[in-house]
Amino acid sequence: MKKITGALLILAGITAMTGCAKKKVVEINDASDLEGLAIGVQAGTTGETYVLDVKDADVHSFKTGIDAALALKNGNIDAIVLDELPAKEIVKNNDDLKICEVKFVSEFYSIAVRKGDTALLNSINKTLKTIRENGKYDEMLSVYVPTDGSEISFMNVPLTGSNGTLKVGTNAAFPPFEYKEGSDVVGFDITLCSYIANDLNKKLEIKDMNFNSLLTALESGAIDCIAAGMTANDERRQSVDFSEPYFESNQVIIIRK
């Protein structure tokens, strides 16, 4: 386990890039208060899907939640809908933003594999079961989702595989699940995939790409699976298979103070 030293600094750097002009402040006490607002989302996420159903919403899609936060701070949008933990990291580093009390929707993260790849799917589910039983899952939660207010750290799981490579697609702009620490991609999902790769006796290769490119990369065979805080919904199940869920999350709403 290592303490983060250089990761997430880009979040704190958002403040220095914004102007000081007075911005309109909105109050959101219920999801219906999003109606008619300019709302930022991360492209390809379920948050984007949910917001498209908001009446008269002006939806702005961004590559990352950090890009959306910059637009919010600059007054280009009124609110952001984003997964709860990445939203908390953004707000922690930007004291002019806050998360509304209302939660937009709850969902579950799973690992995606190509349709019909039963062998890989079964192995992933077996690893998920094992790490829950041997305490590794709880250790990961304590490191990446600390409840005592401590800083996020990351775990270094030695890779022991010698029989090929597991290629995992992710989007390294989604702390604490995947993010950059120096030139390395780390996070909850990366640690999880390290355990999966070891159980498969494989090396691990992480391919960082735009979130909305992940499903195409999986279907084309460029990657073997997706671990990117991805929600297993009915639309995605039409093209990929999903593991058992490994984390429950919420979509939340970020606004200016």
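Residues numbered from 1 in each chain as written. Predicted model: local features only at pLDDT ≥ 70, side-chain atom pairs only at ≥ 80, totals over all residues. Heavy atoms only, no water.

Asks: Before we move on, could you go through the state of the cysteines and cite the residues and values that matter?
Replies: Scanning all chains against the criterion turns up zero disulfides. Unpaired in this structure, C225 has its nearest cysteine sulfur neighbour in C193, at a distance of 5.1 Å. Look at C225 and you get buried, because its relative accessible area is 1%. (Disulfide = S-S within 2.5 Å. Buried < 20%, exposed > 50% of the residue type's maximum accessible area, 1.4 Å probe, protein only.)

Asks: Can you lay out helix α6 (residues 136-144) for me, pointing to particular residues and giving the numbers?
Replies: Taken together, the buried positions of α6 are occupied by Y137, M140, V143 and Y144. Buried residues along α6 cover an arc of 125° about the axis, so they all sit on one side. As for α6, its buried residues are in contact with α5 (118-133), β7 (153-154), β10 (178-181), α7 (188-199) and β15 (247-256). (Helix = DSSP H or I, 4+ residues; strand = E, 2+ residues; numbered from the N terminus. Arc of directions from axis to C-beta. Contact = heavy atoms within 4.5 Å.)

Asks: Before we move on, could you go through the environment of I254 and cite the residues and values that matter?
Replies: In this structure, I254 sits in strand β15. A relative accessible area of 0% means that I254 is categorised as buried. In sequence terms I254 and I28 are 226 residues apart; their C-alpha atoms lie 9.4 Å from each other. When sequence neighbours within four positions are dropped, the list of residues in contact with I254 reads L72, D78, A79, I80, L82, A87, V91, L97, K98 and I99.

Asks: Please give an account of the sheet that holds strand β14 (residues 240-242) that cites residues and values.
Replies: Strand order in the open sheet made by the five strands is β12-β8-β13-β6-β14, with mixed pairing throughout. The open sheet has two edge strands, β12 (203-208) and β14, and neither has a second partner. Sheet analysis places strand β8 (residues 165-170) next to strand β13 (residues 225-226), joined by two bridges and oriented parallel. Its bridge partner lying in β13, G169 is registered against I226. Where α5 meets the sheet, its contacts fall on β6 (112-114), β8, β13 and β14, and the angle it forms with β6 comes to roughly 160°. Here α7 sits on the sheet and contacts β8 and β12; the angle it forms with β12, its principal contact strand, is near 145°. (Pairing = 2+ DSSP bridges. Axes fitted to C-alpha atoms, helices over the stretch in contact; angles between N-to-C directions.)

Asks: So what about empty space enclosed by the protein? Which residues, and what values?
Replies: Going through the model one piece at a time under the given rule, you end up with two cavities of 30 Å³ or more. Here the largest cavity is characterised by a volume of approximately 80 Å³. Along its surface, the largest cavity is lined by 14 residues, and T45, D83, F174, F211 and G229 are the ones closest to its centre. Broken down by class, the residue content of the lining of the largest cavity amounts to five nonpolar, six polar and three charged. In this structure, the second largest cavity is lined by G65, I66, L82, P86, I90, A173, F174 and P175. When residues of the lining of the second largest cavity are traced back to their parent elements, those giving at least two are α3 (65-73), α4 (84-92) and β9 (173-174). (1 Å grid on protein atoms, 1.4 Å probe; cavity = no way out; pocket = protein on both sides within 12 Å on 5 of 7 lines; lining within 4 Å. Points joined across faces, edges and corners; volume = space filled by probe spheres on them. Nonpolar A, V, L, I, M, F, W, Y, C, P; charged D, E, K, R; others polar.)

Asks: I'd like to hear about the packing of aromatic side chains, residue by residue, with values.
Replies: Considering all chains together, one arrives at 11 aromatic pairs under this definition. Pairing Y109 with Y246 gives two aromatic rings, centres 6.4 Å apart and planes at 55°, and the pair type is tilted. Here Y246 lies in the loop between β14 and β15 and Y109 lies in strand β5 (residues 97-109), a separation of 137 residues in the sequence. The two residues Y109 and Y246 agree in class, both being buried. Through a chain of ring-to-ring contacts, the aromatic side chains of Y109, Y137, Y144, F174, F177, F188, Y246 and F247 assemble into a single cluster. (Phe/Tyr/Trp six-rings, centres within 6.5 Å; stacked < 30°, edge-to-face > 60°.)

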